[in-house]
Amino acid sequence: LQGIFVLGLPYALLHSGYSGLLLIVLAAALCCYTGKILIACLYEENEDGRLVRVRDTYEDIANACCKKLSPKLGGMVVNVTQVVELIMTCILYLVVSGNLLSHSFPHVPVTEKTWSVIAFVTLLPCVFIRTLKIVSKLSQLCSLVHFVIILVVTTYCLTQIHQWSWAKFKLSLEFEDFLVSIGVIIFSYTSQIFLPTLEGNMKNPGEFRCMLNWTHFFACVLKTTFALTAFLTWGEETKEVITDNLPSFLEMLVNLCLLTKALLSYPLPFFAATEIVYSCISKGNHSNCRPPLLALSVRVSFLLLTLLMAMFTPHFALLMGLSGSVTGAAMTFLLPSLFHLKLKWKKLSFLEKCADISVFILGFLCSLAGTVCSIKGLLEAFG
């Protein structure tokens with residue numbers, strides 16, 4: 001919940017003003033709610049009226065909803081959406097790595113795209129990762145680095161409290177910029193694709209709802225505090241990646257920490273995406289190609305894909321807004337509410353049905369508008 005993309009939240013406040021603060025809180029509440037109803041779809045009542053876990057993954061839920069149309073249709077849609085979201089995340093890590101290196105060494109005559117290629121070279125060993133054991137160790141280091149980054153940036157912002165002014169917040173908004181901000185905020189909360197696995201591996205699954213409440217609460221508090229202090233410090237000068245606003249004596253230190261975090265974060269979504277694709281391909285693979293070679297080919301292909309995409313879309317906030325509007329909204333709002341209505345319709349109260357329908361409609365409108373505006377922003381950025 002507290003990934004590197006939290007760095008785009010102050011920039012989102014620049015374009016959304018006071019409403020951005022409300023959006024951060026509202027997104028936390030809605031994501032927490034859809035996380036709960038998604039997990040509810042894993043369970044069915046047995047003959048004794050007790051809830052039993054009959055499904056294990058997001059894919060299983062989708063297949064159960066679409067079994068009358070096609071036994072595998074729902075799972076295919078979910079898998080494609082998951083892979084797109086995970087790959088977009090990997091691309092963003094490369095984009096932000098190039099941005100960080102470029103601003104850390106401004107006097108080196110190297111373009112931002114070239115820096116992304118240099119960062120990419122350090123990620124080549126990812127093609128040899130076969131288990132989550134290595135990924136989990138990298139994620140632990142990533143969390144420690146993230147804590148240091150947030151602490152340093154927030155501490156510096158607090159030292160500038162004498163120049164804070166609420167007048168920096170906009171009362172009038174540009175509608176298109178506001179919609180891009182919605183995508184950025186949504187993307188900073190997306191975690192639904194990991195929830196079924198997380199709940200299934202909990203020692204006490206009954207505590208999942210409580211855990212979800214507390215994690216989203218603290219994530220909301222931390223995101224709001226970080227975004228607010230950073231925006232009040234720099235106001236209209238707030239940049240896409242907030243560390244670009246730091247003074248030179250801190251910028252290089254924090255940027256190198258962020259670079260470390262980005263590179264350590266890359267293996268998790270990369271591994272998850274390649275595992276999904278590899279499992280789908282291997283199910284229907286009847287050739288003489290050995291599975292290890294097939295897996296290696298998938299990982300190499302995806303690694304190169306993320307590099308190529310990073311080269312063509314070097315705009316951190318716009319790309320994050322697009323990802324949040326398309327895959328983030330689908331996995332976080334649209335599909336959980338739709339699946340919950342489909343599987344639990346007869347057992348839902350009127351208010352629960354209204355809540356699910358409202359979340360679906362809101363998610364659809366935000367997704368549609370945010371997608372159009374993000375694409376338009378990217379086209380304008382390319383001239």
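Please refer to the structure placed before this passage.
Everything numeric here is computed off the predicted structure, so don't read it as measured data. (Residues numbered from 1 in each chain as written. Predicted model: local features only at pLDDT ≥ 70, side-chain atom pairs only at ≥ 80, totals over all residues. Heavy atoms only, no water.)

**Digging into the overall build of the protein chain**
For clarity, the threshold we go by: A run of H or I in DSSP counts as a helix once it spans at least four residues, and a run of E counts as a strand once it spans at least two, with each numbered from the N terminus. Categorising residues by exposure relies on relative accessible area from a 1.4 Å probe, with only protein chains included: less than 20% of the type maximum marks a residue as buried, more than 50% marks it as exposed, and the intermediate range marks it as partly exposed. By the convention used here, residues are in contact when the closest approach between their heavy atoms is within 4.5 Å. Residue burial considers only the protein chains on display, and all accessible areas are found by Shrake-Rupley using a 1.4 Å probe.
The helix and strand inventory of the protein chain stands at 14 helices and two strands. Here the protein chain holds 383 residues, and 52% of them are scored as buried. Partitioning the contacts of the protein chain with sequence separation of at least 6, the portion at a separation of at least 24 is 81%. Surface exposure of the protein chain reaches about 18,500 Å², of which carbon and sulfur atoms provide 69%.

**Section: a positive patch on the surface**
To keep things clear, this is the line we draw: Like charges are joined within 9 Å and nonpolar side chains (Val, Leu, Ile, Met, Phe, Trp, Tyr) within 5 Å, but only among residues with over 30% relative accessible area and no salt bridge; these make up the patches. By definition here, a salt bridge exists when the distance from a side-chain nitrogen of Lys or Arg to a carboxyl oxygen of Asp or Glu is within 4 Å. For the purpose of counting charges, residues Lys and Arg are taken to be positive, whereas Asp and Glu are taken to be negative. His and the chain ends are not included. Just so you know, the charge point we use is NZ for Lys, CZ for Arg, CG for Asp and CD for Glu.
A cluster of like positive charges, contributed by Lys 67, Lys 68, Lys 342 and Lys 346, occupies part of the molecular surface. Structurally, Lys 67 is set in the loop between helix H3 (58–65) and helix H4 (73–104).

**Comments concerning the packing of helix H1 (residues 9–16) against helix H9 (residues 208–234)**
Put simply, the test is: Between N-to-C directions, angles cover 0 to 180 degrees, with each direction set by a line fitted to C-alpha atoms, over the stretch in contact for helices. Relative orientations are named as follows: roughly parallel for angles under 35 degrees, roughly antiparallel for angles over 145 degrees, roughly perpendicular for angles from 65 to 115 degrees, and oblique for any other angle. In a left-handed crossing the near helix is turned counterclockwise from the far helix by less than a right angle, and in a right-handed crossing that turn is clockwise. Gly is placed with the polar residues, together with every amino acid not listed as nonpolar (Ala, Val, Leu, Ile, Met, Phe, Trp, Tyr, Cys and Pro) or charged (Asp, Glu, Lys and Arg).
Where H1 contacts H9, the two axes come as close as 8 Å, and the packing angle between them is 65°. It follows that H1 is roughly perpendicular to H9 by the angle criterion. Helix-helix and strand crossings are classified by hand; for H1 and H9 the assignment is right-handed. For the pair formed by H1 and H9, the contact residues are Leu 9, Pro 10, Leu 13 and Leu 14 on the first element and Lys 223, Phe 226, Ala 227, Leu 228, Ala 230 and Phe 231 on the second. Classifying every residue of the contact of H1 with H9 gives nine nonpolar, no polar and one charged.

**Let's talk about the packing of aromatic side chains**
Where we set the bar: Under the pairing criterion, centres of Phe, Tyr and Trp rings, with the six-membered ring standing for Trp, must be within 6.5 Å; the plane angle then separates stacked pairs below 30 degrees from edge-to-face pairs above 60, leaving the rest tilted. We call a charge positioned over a ring when the NZ of a Lys or the CZ of an Arg lies within 6 Å of the ring centre and within 35 degrees of the ring normal.
Here the structure, examined in full by the defined rule, presents seven aromatic pairs. Seen in terms of ring centroids, Tyr 156 and Trp 234 are 6.0 Å apart; in terms of plane orientation they differ by 20°. Their pairing is stacked. Here Trp 234 lies in helix H9 and Tyr 156 lies in helix H6 (residues 132–159), a separation of 78 residues in the sequence. Exposure class is identical for Tyr 156 and Trp 234. Each is buried. When the centroid spacing of 5.4 Å and the interplanar angle of 70° are considered together, the rings of Phe 217 and Phe 218 count as edge-to-face. Since its relative accessible area comes to 46%, Phe 217 is described here as partly exposed. Against the face of Trp 345 rests Lys 353, its NZ or CZ located 4.0 Å from the ring centre.

**Quick look at the nonpolar core**
The criterion, for reference: Nonpolar cores were defined as sets of buried Ala, Val, Leu, Ile, Met, Phe, Trp, Tyr and Cys residues, with membership established by side-chain atoms within 4.5 Å.
Membership of the largest hydrophobic core comes to 99 residues, with the highest contact counts inside it found for Ile 185, Tyr 189, Tyr 266, Phe 302 and Phe 339. The leading source of residues in this core is H4, at 13 residues. Non-local contacts of Tyr 266, meaning those with residues more than four positions away in its chain, are made with Cys 90, Tyr 93, Leu 94, Leu 123, Cys 126, Leu 303 and Thr 306.

**Regarding the side chain of Asn 63**
Mapped onto the elements of the fold, Asn 63 is located in helix H3. Among the residues examined, Asn 63 registers a relative accessible area of 12% and is labelled buried. Dropping the residues within four chain positions of it, Asn 63 is found in contact with Pro 71, Lys 72, Leu 73, Gly 74 and Gly 75.

**With respect to the environment of Glu 237**
Considering the arrangement of structural elements, one finds Glu 237 in the loop between H9 and helix H10 (248–265). Taking the relative accessible area as the measure of exposure, Glu 237 reaches 59% and is therefore exposed. When the C-alpha atoms of Glu 237 and Tyr 11 are compared, they prove to be 9.3 Å apart, with 226 residues separating the residues in sequence.

**A look at the pattern of salt bridges**
Per the counting criterion, the structure on display carries five salt bridges. One salt bridge in this structure joins Lys 344 and Glu 44, with 3.7 Å as the shortest N-O distance. One end of the pair, Lys 344, is in helix H13 (residues 316–344); the other, Glu 44, is in strand S1 (residues 43–45), with 300 residues separating them in the sequence. Residue classification places Lys 344 among the buried residues on the basis of a relative accessible area of 10%. Ionic pairing is found between Asp 56 and Arg 53, a salt bridge with its closest N-O pair at 3.1 Å. Each of Glu 44, Arg 55 and Lys 344 takes part in one network of salt bridges that share partners.

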